[in-house]
Every structure is written in C-alpha cells, then in structure tokens.
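Letter by letter, the chains look like this.
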Amino acid sequence: MSSMLLRWLNQYLVLISLLLILATFALAAENFLSFATFSAILNQLPALTLVTVGMTFVLICGGIDLSVGSVLALSSAVIGISVAAGFSIPVAALAGVTAGGLAGLVNGLLGSYLRLPVFIVTLGMLEAARGAAYLITDSQTVYIGSAIQGLVQPMSWLGLTPAFISALVIVVVAHFVLTSTVFGRHVIAVGTNPEAARISGIDPKRTLLVVLCLSGVLAGLAGLMNAAYLGSTDPNAGSGLELAAIAAAVIGGTSLMGGRGSIFSAFIGVLIIAVLQNGLAQIGVSEPFKRVVTGVVIVLAVVLDRWRADRSF
Amino acid sequence: MGLQISNLCKDYATPVLRNLDLQVTAGEIHGVVGENGAGKSTLLKILSGLTLPGAGTVVLDGEPLLTKNPQAAHRAGISLCSQELSLIDNLNVAENIGLRALPGRLGLDKALLATRCRSLLSELQLDLLPGTMVGSLNLAERQMVELAKTLNVQARLLLLDEPTSALNDQQAQALHRVLRERAKSGASVLYVSHRLNDVLNLCDYVWVLRDGEVVHHAPSGQLTTAELIRHMSGADALTQRRKDESGRPGPIHLSVRNLLTEKMQQPVSLDCHRGEIFGLAGLMGAGRTELLDAIYGLVPHSSGSVVLCRGEERIALSSVNAAIRSGVGMVPENRASHGIFAGLAVAFNTTIAELGRIATRHLLKPRREKAAVEKLIQRLNIKSEGVDQPIEALSGGNQQKVILARWLHRECSLLLLDEPTRGVDVAAKLAIHDLLRELRDQGLCVVIASSELQELLTLCDRIAVMSSGQLVRTFDRDEFNQDTILAAAFSTHNSAQVA
Amino acid sequence: MIIVTKSLKDLARPLILVSALLLLGGCADTSNEQNQRATSPKIALIMKSMANEFFVNMQRSAEAHQAAQPELYTLVANGIKNESDLAQQVALVDQMIALGVDAIVIAPADSRALVPALVRALQAGIQVVNIDNRLATEVLAEYDVQIPYIGPSNREGARLVAEYVLAKHEPASEVFILEGIPTAANAKQRKAGFEEAIATAGMTLVDSQSAAWDQTQAAQVTAAVLNRYPNLRIILAANDNMALGAASAVNLADRTDLSIAGFDNISAVHPLMREGRIDATVEQYGSQFAIFGIEFALEMIAGNVQMTDRTTAVKLVTPADLDQ
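Each chain has its residues counted from 1, following the order in which its sequence is written. Whichever chain is written first becomes A and whichever ligand is written first becomes 1, with later ones labelled in order. Only residues with pLDDT of at least 70 are given local features in this predicted model, and only at 80 or more are side-chain atom pairs given and counted; all residues enter the totals for whole chains, interfaces and linings.

A. Seen up close, the overall build of chain A. Strands are runs of DSSP state E lasting at least 2 residues, helices are runs of H or I lasting at least 4, and numbering of each runs from the N terminus. Helix and strand counts for chain A stand at 13 helices and two strands. To get the radius of gyration, use the C-alpha atoms; to get the globule rule, take the number of residues to the power 0.38 and multiply by 2.2 Å. The C-alpha radius of gyration computed for chain A amounts to 20 Å, which stays within 12% of the reference 20 Å derived for 313 residues, consistent with globular compactness. Across its three principal directions, the C-alpha atoms of chain A cover 65 × 55 × 40 Å. Whether two residues are in contact is decided by their C-beta atoms, placed from the backbone, lying within 7 Å. Across chain A, every contact between residues at least 6 apart in sequence was considered, and the portion connecting residues at least 24 apart equals 78%.

B. View of the overall build of chain B. Along its length, chain B carries 18 helices and 22 strands. Over its C-alpha atoms chain B spans a radius of gyration of 23 Å, differing by no more than 12% from the 23 Å that the globule rule assigns to 499 residues. When its C-alpha atoms are laid out on the principal axes, chain B stretches across 75 × 50 × 45 Å. Residue burial here comes from a neighbour count, namely the number of other C-beta atoms, placed from the backbone, that lie within 10 Å of the residue's own C-beta, with 20 or more meaning buried, 12 or fewer meaning exposed, and in between meaning partly exposed. Every one of the 499 residues in chain B was classed for burial, and the buried ones make up 48%. The long-range fraction of contacts in chain B, counting pairs at least 24 apart against all pairs at least 6 apart in sequence, stands at 68%.

C. Representation of the packing of helix α4 (residues 68–84) of chain A against helix α5 (residues 89–113) of chain A in the model. Residue and element names in this part refer to chain A. Helix axes are fitted only over the stretch in contact, all axes being lines through C-alpha atoms; the angle between N-to-C directions runs from 0 to 180 degrees. Viewed as axis vectors pointing N to C, α4 and α5 meet at an angle of 150 degrees, and their least axial separation amounts to 8 Å. With respect to their mutual orientation, α4 and α5 come out roughly antiparallel. In this structure, α4 meets α5 at a crossing whose hand is right-handed. Across the interface between the two elements, Val71, Leu74, Ser75, Ser76, Val78, Ile79, Ser82 and Val83 from α4 touch Ile89, Val91, Ala92, Ala93, Ala95, Gly96, Val97, Ala99, Gly100 and Ala103 from α5. In this classification, Asp, Glu, Lys and Arg are treated as charged, Ala, Val, Leu, Ile, Met, Phe, Trp, Tyr, Cys and Pro as nonpolar, and every other residue, Gly included, as polar. Looking at side-chain class alone, the contact of α4 with α5 contains 13 nonpolar, five polar and no charged residues. For classification purposes, an angle smaller than 35 degrees is called roughly parallel, one larger than 145 roughly antiparallel, one from 65 to 115 roughly perpendicular, and anything else oblique. Note: crossing handedness is left-handed where the near helix turns anticlockwise from the far helix by less than a right angle, and right-handed where it turns clockwise.

D. Molecular detail of the sheet that holds strand β20 (residues 445–449) of chain B. Residue and element names in this part refer to chain B. Here six strands make up an open sheet; going across it, the order is β16-β19-β20-β13-β21-β22 and the pairing mixed. Each edge of the open sheet carries a strand with a single partner, namely β16 (328–331) and β22 (470–476). Ignoring strand direction, the axes of neighbouring strands in this sheet form an average angle of 20 degrees. Contacts from helix α17 (residues 482–489) reach β13 (276–282), β21 (462–467) and β22, with the element oriented near 30 degrees to β21. Only strands joined by at least two bridges in the DSSP assignment are considered to pair.

E. Broad picture of helix α7 (residues 185–201) of chain C. Residues and elements named next belong to chain C. Multiplying 1.5 Å by the residue count of a helix minus one yields the expected span of that helix. Over its 17 residues, α7 extends 24 Å from the first C-alpha to the last, a length consistent with the 24 Å expected when each residue adds 1.5 Å. Within α7, the full set of buried residues consists of Ala185, Asn186, Ala187, Lys188, Gln189, Arg190, Lys191, Gly193, Phe194, Ala197 and Ile198. Those residues of α7 that are buried are in contact with α6 (154–166), β6 (174–179), β7 (204–210) and β8 (232–237).

F. Structural view of the confidence of the model for chain B. The quantity known as pLDDT measures the predictor's confidence residue by residue, on a range of 0 to 100. Here chain B shows a mean pLDDT of 85. Residues at 70 or above account for 93%. Counting contacts from residues 236–246 of chain B, a segment whose pLDDT is below 50, to residues more than four positions away or on other chains yields 10 contacts.

G. Main features of α6 of chain C. The end-to-end C-alpha distance of α6 of chain C is 18 Å, a good match for the 18 Å that 13 residues give at a rise of 1.5 Å each. Where α6 of chain C is buried, its residues touch β5 (149–152), α7, β8, β9 (259–261), β10 (281–283) and β12 (315–317) of chain C.

H. Structural context of the sheet that holds strand β1 (residues 42–47) of chain C. All names here are of chain C. On the basis of which strands lie adjacent, the open sheet formed by six strands has the order β2-β1-β3-β4-β5-β11 and parallel pairing. The sheet terminates laterally at β2 (74–79) and β11 (310–312), the two strands that pair on one side only. Along the sheet, successive strands turn relative to each other by an average axial angle of 20 degrees, direction set aside. Two strands pair when backbone bridges link them, and β1 and strand β3 (residues 103–106) are joined in this way by four bridges, in the parallel orientation.

I. Structural view of the domain arrangement of chain B. Residue and element names in this part refer to chain B. An automatic or database domain assignment is the source of the domain bounds shown. According to the domain assignment, chain B consists of domain 1 (2–234) and domain 2 (252–498). One C-alpha centre belongs to domain 1, the other to domain 2, and the line joining them spans 30 Å. Contacts between the two partners involve 20 residues from domain 1, matched on the other side by 16 residues from domain 2. Secondary-structure elements contributing two or more residues to the side of domain 1 that touches domain 2 are α5 (139–151), α6 (169–184) and α8 (225–233).

J. Summary view of the environment of Leu175 of chain B. Residues and elements named next belong to chain B. Tracing the chain through its elements places Leu175 in helix α6. Sequence separation between Leu175 and Thr164 is 11 residues, and the spatial gap between their C-alpha atoms is 8.4 Å. Apart from the residues lying within four places of it in its own chain, the contact partners of Leu175 are Leu124, Leu147, Pro163 and Thr164.

K. Structural detail: the pairing of β6 of chain C. All names here are of chain C. Within β6, five of the six residues are buried, which leaves it mostly tucked inside the rest of the structure. Summarising the sheet, β6 and β7 pair through six bridges and their orientation is parallel. When the sheet's bridge partners are listed, Val175 is paired in β7 with Leu205. With the strands pointing away from the viewer, any crossover whose connection runs clockwise from the first strand over the helix to the second is right-handed. The handedness of the β6 to β7 crossover, carried by α7, is right-handed. For β6 and β8, the ladder comprises five bridges, and the chain directions are parallel. Paired with Val175 across the bridge in β8 is Ile234.

L. Spotlight on the environment of Val269 of chain C. All names here are of chain C. Among the structural elements, Val269 can be located in helix α10 (residues 269–274). Its 28 C-beta neighbours within 10 Å are what place Val269 among the buried residues. Here the alpha-carbon distance between Val269 and Leu244, two residues 25 residues apart in the chain, equals 6.8 Å. Beyond its immediate stretch of four places on either side in the chain, Val269 contacts Asp240, Ala243, Leu244, Gly262, Ile278 and Thr281.

M. Main features of unusual backbone geometry. All names here are of chain B. Within the chain, Asp61 stands out as a residue other than glycine whose phi angle is a positive 50 degrees. Tracing the backbone through its elements, the reader meets Asp61 in the loop between β4 (55–60) and β5 (63–64). For Asp61, a count of 16 C-beta atoms within 10 Å puts it in the partly exposed group. The phi dihedral of Glu411 falls on the positive side, at around 55 degrees, and the residue is not glycine. Within the secondary structure, Glu411 sits in the loop between α14 (396–410) and β19 (414–418).

N. Spatial organisation of the interface of chain B and chain A. Between chain B and chain A, the contact holds 21 residues from the first and 18 residues from the second. Those elements giving two or more residues to the side of chain B that touches chain A turn out to be α10 (320–325), α11 (335–339) and β18 (363–364) of chain B. Class assignment for the residues of the side of chain B that touches chain A results in 14 nonpolar, six polar and one charged.

O. View of the nonpolar core. Residues enter a nonpolar core if they are buried, belong to Ala, Val, Leu, Ile, Met, Phe, Trp, Tyr or Cys, and are joined to the set through C-beta atoms within 7 Å. In terms of nonpolar packing, the biggest core is built from 352 residues, with Val51 of chain A together with Ile104, Ala237 and Ala246 of chain C touching the most fellow members. Here this core gets 18 residues from one element, more than from any other, and that element is helix α10 (residues 204–230) of chain A. If near-sequence neighbours (up to four positions away) are discounted, Ala237 of chain C is found in contact with Leu178, Ala218, Met242, Ala243, Ala246, Ile260, Ala261, Gly262 and Phe263 of chain C.

Structure (structure tokens):
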C-alpha cells in the first residue's frame, strides 16, 4: 500500500507541488481563488510557456539556449517596427517569428557545424540579439495598438485567450513529438550519449541544429505573445527570461546534463513560476522577498527531483 | 600473516555477499573468479573502503582492518585497481601514476616523479613517455597506466579487478611478472578476472564465488578451466567448444582497398566474405580499432575505398550514415561511453538504430516496439525485468547482448565488433559466440577484433594479424594457431622486444 | 566542467586582446584630438540605461549641442546597457579618469555606489556634475565632498501628476503605486511625491510594489493587484513603461474605470493618452538634462560658478497638451 502511494507521489510530484502552492496562496491572499486571478495568470503564461518548450528540447538534446529572452525581444521589436512601418499584423508577426528562427539557425550552425560550445554561442546571441532589438527600435518603446491584442482577448466561452490556447496546443504537440516520434527519440539519444548516437546512425550535429532552430522559432512566437500581451514592444522585454525558462524546465525534472525531461512537467514548472509570481504580488510581499522565495522553490524542486530519481531504482 | 576475511555480509536490495570466508597468505597471489553478479567487485569495494560491509570481520597482517573510507584503506596499505578507470585526462602519465603519493614536501618534485614513473613503466614494458597526456591514450594504454598507478604505492594488499580486460596477452604477461615480484617481497595479492587461463597460470590459489558465497577453493595446480566454469555456473554444458565446424564462405561482401585515415599508420586492404567470421588480431596499438572505425566511416578517409558488394551492386561507403544505410552495424570497443544510452530503457537501446521498423511516417508505435524487443530479448536470452528496465541495471554481458540486439533489429549484412566480450562473464561470452556463429550461418559477414587470442582461435574462420598499423598476414582456419599468429603479430617489432 | 573553463579561457584571450586594442585605439584617437585643439576642454558624459529612450534622447541632444559649437568643448559620451549594470558604470568613470577628461557629467545608475568612483575623479582634479538621479547627500557628506546636482525635482513632478489624476476621483478612492527600482533616488522621490499628493487629497493607498521600471513586470504585478483590490481606482506609475504595462493589464481585466499616471512623457504613451487609457504623464525636459549639466560643467571649468544645486523645470502633460 505505502509503496503504491509512494509511486503515485513520485509520478505526480510536480503537480502536487503546484497544488500545494495554489492552496497556500488561497489561504494567504484575499480574492486569490477567483476567476480573475486565473485569467490574469493564463494571460501571462504564453510567452514563458513557448520559451520553456524550446528550452526543454535544447536541454534534453544536451545543449542550452541562453539567448531566448533576447530573441524574444528581437522578435517583438521586429513586429513593433513592422507595424509602425504600416505592415499588417499577420505580416509583422511572420517577420518577428522569422527573425527568431534566423537567430536560432545562427546558434545552431555555429554550435553544431563549427563545433563551438553551445553555451558560449548562445551567450553571444544573448548580447547580439538584445543589441539588435535596441538598434531597430532606436531603444524606444514602440506602441503597436489594440489590433494585436486580439490574441489576448478572452473568447466568449471559458475565458481562454487565443494566445493561451495556441501555447497549450504547442505544449501538447511538443510533448507528442518528444515521446512518440522518431525525431524525439533522436533528441533523447543525442542528449544521452552523442557518440553512441553517431554509431547508431543519428547525426548529432543535425539534431542539435534542428533543436536550436526550434528554440529560436518558439522564442520568436513568444515575442509575438509578449507584444500582444502588452500592446507595445519594449526592447528590454524578456531580460532574464532564459533563467525563468531553465528554472521551469528543471522544476519539471529536466536534466541539465541532457537526455531526460518532459514537456508536460516543464509546463507545470511554468505554472508553478507564474502562480508564484502572481500570488506573491497579491500578498504584496517586497521585491527582494519574492526573489528569495522563487530561488528557494527552484532549489527545492531539484532536491525533490533528485529524491525521486534515487527512489526509482 | 596475510588477509583473513570471515562472515562478510553485504546487502543492497538483495544479499550480495553471504557469510563470505576467504584467506590470503602473505606473499601469495590468490585468484577470485565468478560470473558477473557473484559479488567479486563488492568484495573488493569493501576491502578498499569504497563501501561498508553489513557484517563480518577483516584482519590484515594480524590487525583488524577498519576501512571506513578509501583514505583509511590507503593508509592501511591497500591499493586497488578498479574496473572503472579513475584516470584524470588533463594530467600526464607521471602525474596520474603518482597521484596517490606525489613526492615533494611543498612543491612537486617532478624529476623524482618522472624517474619513479619510468621505472614502473619499464617494469610493465609500457612504451610511454611520462609527459604524455592521459587524455590522448587508448583504452589499453589507460589500463596499463591505471595498473602502474596501483603498483606505485608500497602495498601490503594489492586488489586487482579485471586488470587485463583491455590488455593483450603480451601485456598481461608483463603485468603478471610484476605481480609475482610484488608477492615475493611479501605483499598479498587478490586477483579478480574472467580470463580463467590467466588465473590458473598466475595464481597460487583460486576462490570461486557464486551468488555471494565461496562455492569452491583449491590450489590452482589442482584445477582446470572446465572445472572452474562448472563451479562458477553450476552447470557444465557451457564448456563445449565447437572448433571443428567448417564454414563455407559465400561471395566477397566487404572489400577494403588501400584504406587510410589520419588515425591509421599504414594503408590497409582486405576482403571479407558472406558467411564467415573474420578475426583481427594484434598487439596493443596494432591498429585494429582504428581499422574498424575507418571501415565504419567514423573517421574521414584520407585515401582508399570501402566497398560493400550486393550481387552485382557495388556500394562505396564513406560515412557512418552511408554505412548504416547500406546494412553495416558496429559494436564499439567501449560499451559505457560509446555503446549504451545509460538511464534509458532496454527498448530504447534496442531500437534506436532502426526506428523506421517500429514507426509509421515518423510516428512511433509502442506496441510494435514492445513486440519486436521482447522477441529479441527472448532470442538472445537477455536477462532483464522487461523492455522498460533501464539498461544500466543489466549486467555487462546483458548490456552487450542488447547492443547486439540493436543490430539484429536493424538487420544488417555486415557486423563490425570491437572487443565484444570484454568484461562479460563466461556464460554470456559463450552465448555471444554462439550468436555470432548463428549469424555467420545465416550468411552475415562478421568482423571481430579482440585482444584475447583464444577467443579468435575458437571463433573465427579466418584471422588477419595486424602489427604496427600494418596488416601483415591473413590466416585460414587450417593455418592459424597461437604460435603462427603471435609470430606474425611481432613480425614488425625487433627481436629484443619480443624477448 | 574542466572543458568549459578551458574553452572559456580560450575565448577570454581574444576578448581581452580586442578590448585592449579598443582601449588603445580610443586613447590614440583622443590624443590626436587633444593635439588639434589643445585649449578646448574635454567633457565626459556618462549615461545610464542606453536601453531607455529617455537617456538615448538625452545623449543625442548633448551630441547635437556639441556639434553645433565644436570649438567650445569635446564630448566623450558613454552609457551602460541597463540600470542594473553598476559595475560597468564604475568602470566607465575610471576609464574617463584615465583618459584625463576635464569634467564628468554623470547620470548615476545608483545614488550611493557611484560616489567612491566619483570621489576618485574629484581627487584627480576632474569637475563632476550630477544629473538625473541625485547622489545621496549623506554619502557625499561622509566623503566630505560636494557634487552639484542639476535636474528636476522628481518629487515635485510626481506630486503634480498625482494631484491631477487624483482630482478626477472621489476622496478615499483606492490608489496603487508602481515603484521603480527601490534603491534608486528618483524612484524614492517619485514615490514620496505620490504619497504627498495622496495624503493631501485624502485617498487610500492600498499597496505599493516595485516593478523595477519594467513593462512586463508592471503588467503582471498590476494584474495581481487588480484581483486583490477590486475597488482600485487609481494607479500611479513611477515611469511611463510601467504605466504602459499597467494599462495593458487593466485592459485585459476589462476595466475602464481606472486612472493611470506615468512619468517621463515617452512617445509610446501618447496613443494611449489619446484613447484615454493613460491620464497624464510628466515632462521633465529630460533631453535637456545633459546640456544643462554640460553647461554647468563648462562654467565650473572656467571657475566662475558656485557649487550649488540647480533645479530645472517639470511640466504636467495631459491629453489636452498633445493636440497642440
């Protein structure tokens, strides 16, 4: 009986943590358990969710993408100036996502075919993409207007927004790709043991290239979500987002050494971070305290994950 | 005097050692043999302080031994050469050898270190410069350096766990000479190995372990390999060797012409047929691994060609992917670093080289995968708790079978194997041999490199001998024996080295 | 890990080389200029947060000012990428000391941390003028130095805009303040100005939180606070980027009964002010700050000025002002 319970606990550990955090805030903050709170949280989710999906893929493949926050800013900057230049929202959005994909492609080409360490390449992109975002916006916040906010207007039923629904769809598709396709197997194999993967006929370079491109495209899409959320683009957007995405992935049990991770769990990691941010703001704790709590939760999550990994043998 | 072990117990999830009693007289070499999982490695881990015993006592030279940690064991004069090599890639040979006892009070006495290192290396007949970085060494050289590191300290008790798994016969002989000298000067030696001939030749006394207990012990003079195998496995059917059968080789399947890569010293040409097991013999560093890597396309070819023949069709291979597409499979030399995907399931490890068979348009079909893997588990008699068990939970022999299953799943026509039975227990080794024969009989072309001459002699239809990167001679079954092959292996070395 | 450090080292080497070359190049460049006009003073302008259009504009007008009268002085303008990059700004001060400029005009990223570096500049005989964010007086007193501050009264500007917005609502309405980075002096002064106006108007301050000047953080914090306080009527944001974030959160919460005030008068708030989603902001003629500072520095170099602070004008900007 107790071993059954333990196994069940193991499997749903992340989800249980999320529920515990929700319960804590429900007790501590007035009006926390309300439709408005949840719709506010859902509105904030899409950008971090998409970036985390990309990050989880890259981490499982044995890499890391530090540039996602900057690429998000670059993409939203491209969208902002495209709209300001008179292009329609869909064209501008496409341009933004393309910019993200190109940044990912550059990361991938340098990281896989020039054999530079991915950590360093994406660190470079973190600076370069941020600089490019400042350059093209002239360091100014660009107002886009309410047209783009259609993405974040709740649809009549359920109160879910198109942005949230598309992020959710991407989570489901990404989870499926990782667990049930040939490509997903290749990503896991390369992240676990690149040499053995090569001997088994998988091209580790190409796999890493595709994964980094994917992360760039998703960061570009996240840029669109962020621009829609704010109705304007700020070249400072998304700074530090790479750390939030890594934290969400790690809370979800993704290994920084590659090979292990789950998109659904990472998404719950995203929910934990978003709920934490919102709940702490509703309680009205000070900024320094928020950061202390967030840091403690991240480390705690890794401790729990280690405990879980040890038990499974 | 010497080592007395009584009632030693150790449990992990299940008992690994049960009331083990074992004595080693000082100045003697005692062998410990047993299948994987018999408890040999655990015994050595306890003696060297890497893990604590559950119960029991250990007495060394009359004093009770308390090895709470490796440092305490080291102070007590115990030196272990473990199966997992513990060398540091970014240090050179001398620094690695001297790591446990670096000379010099404040600074490092590099001259003294180099002198000590040179004398050890020459004792072991290892032709290496003390300043060579360990990262650049191959597996056999690393194992020799690890041994030198173990022998560097003045030990009362020497523990060796599979010390010759990566070594060729010549190298192993050199090690044995050194061990005999150490024993003569009063040290006790505990020697764990799967190479039963070595154990019988080297050791004064042999202990056979099965399921954590001593099931037999006797002076080595009273034992034979067949007896040892019978005691280890509890059955004697495994000792059969089929040496007589005559393979009838089919047409040429693999044709290598003047193949050269950056890592090879000489261009090599050879032909292998369908329906034959083709052996690659040679001393350490003769270039067997480099040749297999080149055929498989792991290293870009500088010149020459590798051609696969299919009827009239001629397929030139130049990369790993081309090789795999054309039906070539590879079992690499280093299972842990190049073979298995640790942490992942047996099923994942089995199907990874050919996912098309268990997928429809890139979508995996779990049921199809499970069926395919279960069939292979049964066929290869892989001992696992199921297709979802993580591969590192299997014994070395079963892990190796999974890697073979990977290529059976792929259905290849040419199989390249580099040291396929290293660190594998006797039963699994014989099973792998039987499987290779079966594949040969089905018309596959099997190329196998091994540093264990006995393995090649019993298994192969033809044996090519490499020496200093050169393919010196290819022997047919009726031409080869231990002497002809060794003579060829040494043919490019001068006679002084042979002596 | 060893591999990573190794490659970092490999990477660091060319980087160090490049920065050394750049420094050399910079030195060579300036010494040429020095030869050409040995008499005209050299003034260093050190900005904070080049990610913020406010400071970008400030630097541009300073450059235009210098270009219009090149014989008067030479300008070396530098900035740091964002307000949290303190170390970089301290390094810039030290580089300017090494360069041997005659005066430093600085918008400090932190009101305390920059003081020791600026004291080093004073000791090297360089005139220092403080613009934008005021250096902490007690720290200056501790070092026993005087650095004149040229700039607007942030507190006065905040009070002005808050008074205007609060006047639109009943007394005792609920108010929320979005603070800047709590350690920055201008953030403190703006908060103080808001609080003064709230007290005078008899409003209820329900909460005050920092969104670190950032748009996205402001939107998230505002969304949470709106849920907690359904009767909230007024949001006072310490800068326009946070006002923009608050406006989008208010919009997403489907609320139209709130007033929002900003500060800085950046162009992106104008469309929202026309739509009535942001009520007012404050123009502090930021683009002129650097020029004020430079002119003051020139007077100091000429030796005909007293070491006193100078306050510049602030102006309330409402939708009515935009159409003019």
